[in-house]
Amino acid sequence: MSSAALSGKVAIITGGSKGIGASTATALVKLGAKVVINYGHDSAAAESLVSRLGGADHAIAVQADAGSITGVETLVKCAVDKFGKIDILIPNAGILPMKTVEATTEADFDRAFNLNVKGPYFLVQKALPYMARGSRIVLLSTTQCHASTVTPPYTLYCATKGAIEQMVRTMSKDLQASKGISVNAVAPGPTGTDLFMEGKSEQLLKMIASMNPNNRIGTPEEVADAIVLICRHEARWVSGQTIKVNGGQA
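Residues numbered from 1 in each chain as written. Predicted model: local features only at pLDDT ≥ 70, side-chain atom pairs only at ≥ 80, totals over all residues. Heavy atoms only, no water.

As named in an unreviewed UniProt entry, the chain is 3-oxoacyl-[acyl-carrier-protein] reductase, taken from Exophiala xenobiotica. Listed under Sequence similarities (unreviewed entry) in UniProt, the entry text for the chain is "Belongs to the short-chain dehydrogenases/reductases (SDR) family." (UniProt positions renumbered as here; feature names shortened; annotations may be inferred.)

Put into structure tokens, the structure is as follows:
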């Protein structure tokens, strides 16, 4: 894989300081891209990542609420002010509320949909004026939306990701035709991020791993590699797809 395959490209990654976001930022910079790393609260993690990626010539960290219009406007402005354009959007920030229908509050619902759905939708809207033909948008769904074993506490989370998949289907037709911009999603299976691992016992993690034909949980780097493949020129004919990245898990 050419180390300059994405040379000159500029990417915004929300939730970019840890997990899948950080791994994606790292992979993009290795291929020559510049990245805007959004974070919510952990400035130390974001600045540490920027340093590892080579400093401000390659990456900047921007604190913003990725679930608000004001926040995504800030991200777009910072990207354009620093790098002059936007080529790749990866709205990766999300929360995983483990709530049954009975236990869900209005605040739970609003917080989940704001960060998982509203933020990505309006990030696309605000970034479009600065995106040229051939640009890429990669949204994040989940294999849980398709799993026959999904359990009730995932209802709210899967509702937000179902919305993302519908956005991909319709938004791709609109933006591919009008602007030459492809829109896809990746749907990771269980992945060893802080968000996924939080609150899970060792016994539960072993059970989840046993459901995969590889008998393990995926890594953020494996998901990031799939995201980066979609961002490359060679994926120019891929649009409107939700691609499962789960090691063959049903």
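Right, let's talk about the packing of aromatic side chains for a bit. As enumerated under the stated definition, the model contains two aromatic pairs in all. Taking the centre distance of 4.6 Å and the plane angle of 20° together, the rings of Phe109 and Phe113 count as stacked. Placement of both Phe109 and Phe113 in helix α4 (residues 106-127) is noted, with a separation of four residues, approximately one turn of the helix. Take Phe109: its relative accessible area is 40%, and that puts it in the partly exposed class. The ring centre of Phe196 lies 4.2 Å from the NZ or CZ of Lys200, which sits over that ring. (Phe/Tyr/Trp six-rings, centres within 6.5 Å; stacked < 30°, edge-to-face > 60°. Helix = DSSP H or I, 4+ residues; strand = E, 2+ residues; numbered from the N terminus. Buried < 20%, exposed > 50% of the residue type's maximum accessible area, 1.4 Å probe, protein only. Lys NZ or Arg CZ within 6 Å of the ring centre and 35° of its normal.)

Glancing now at the side chain of Asp108. Relative to the assigned elements, Asp108 resides in helix α4. Side-chain polar atoms of Asp108 contact the side chain of Lys99, separated by 3.2 Å. (Polar contact = N/O pair within 3.5 Å; in protein donor to acceptor, adjacent residues only side chain to side chain.)

Before going further, it helps to examine the sheet that holds strand β2 (residues 34-39). Across the sheet, which stays open at both edges, the seven strands sit in the order β3-β2-β1-β4-β5-β6-β7 with parallel pairing between neighbours. The open sheet terminates on both sides in strands that have one partner only, identified here as β3 (59-63) and β7 (242-245). The sheet shows a mean angle of 20° between the axes of neighbouring strands, taken without regard to direction. Both strand β1 (residues 10-14) and β2 contribute to a ladder of four bridges, which runs parallel. Note on β2: the bridge partner recorded for Ala11 is Val35. (Pairing = 2+ DSSP bridges. Axes fitted to C-alpha atoms, helices over the stretch in contact; angles between N-to-C directions.)

Here we take up the pattern of salt bridges. Side chains carrying opposite charge are able to pair once their charged atoms draw close together. In total, this model carries eight salt bridges according to the counting rule given. Residue Glu73 pairs with Lys126 through a salt bridge whose shortest N-O separation is 3.6 Å. With Glu73 in helix α3 (residues 69-83) and Lys126 in helix α4, this residue pair connects regions lying 53 residues apart in the sequence. With relative accessibility at 37%, the residue Glu73 sits in the partly exposed group. Judged by relative accessible area, which is 24%, Lys126 ranks as partly exposed. Between Glu222 and Arg216 there is a salt bridge whose closest N-O contact spans 2.6 Å. Judged by its relative accessible area of 37%, Arg216 is partly exposed. (Salt bridge = Lys/Arg side-chain N within 4 Å of Asp/Glu carboxyl O.)

Our next topic: helix α8 (residues 220-231). Over its twelve residues, α8 runs 17 Å from end to end, which matches the ideal 16 Å to within 8%, given 1.5 Å per residue. Buried within α8 we find Pro220, Val223, Ala224, Ala226, Ile227, Val228, Ile230 and Cys231. The inward-facing, buried residues of α8 abut α1 (19-30), β4 (88-91), β5 (136-140), β6 (182-188) and β7. (Expected span 1.5 Å × (residues − 1). Contact = heavy atoms within 4.5 Å.)

The nonpolar side chains of a soluble globular protein tend to be buried, and buried together. Core analysis: the largest hydrophobic core is formed by 30 residues, its most contacted members being Ile86, Leu89 and Ile137. Secondary-structure elements contributing two or more residues to this core are β1, β3, α3, α4, β5, α5 (155-179) and β6. Here this core takes six residues from α3, the largest share from any one element. Once you skip the residues sitting within four places of it in the chain, Ile86 turns out to touch Val10, Ile12, Val76, Ala79, Val80, Ala127, Tyr130, Met131, Ala132 and Ser135. (Core = buried A, V, L, I, M, F, W, Y, C linked by side-chain atoms within 4.5 Å.)

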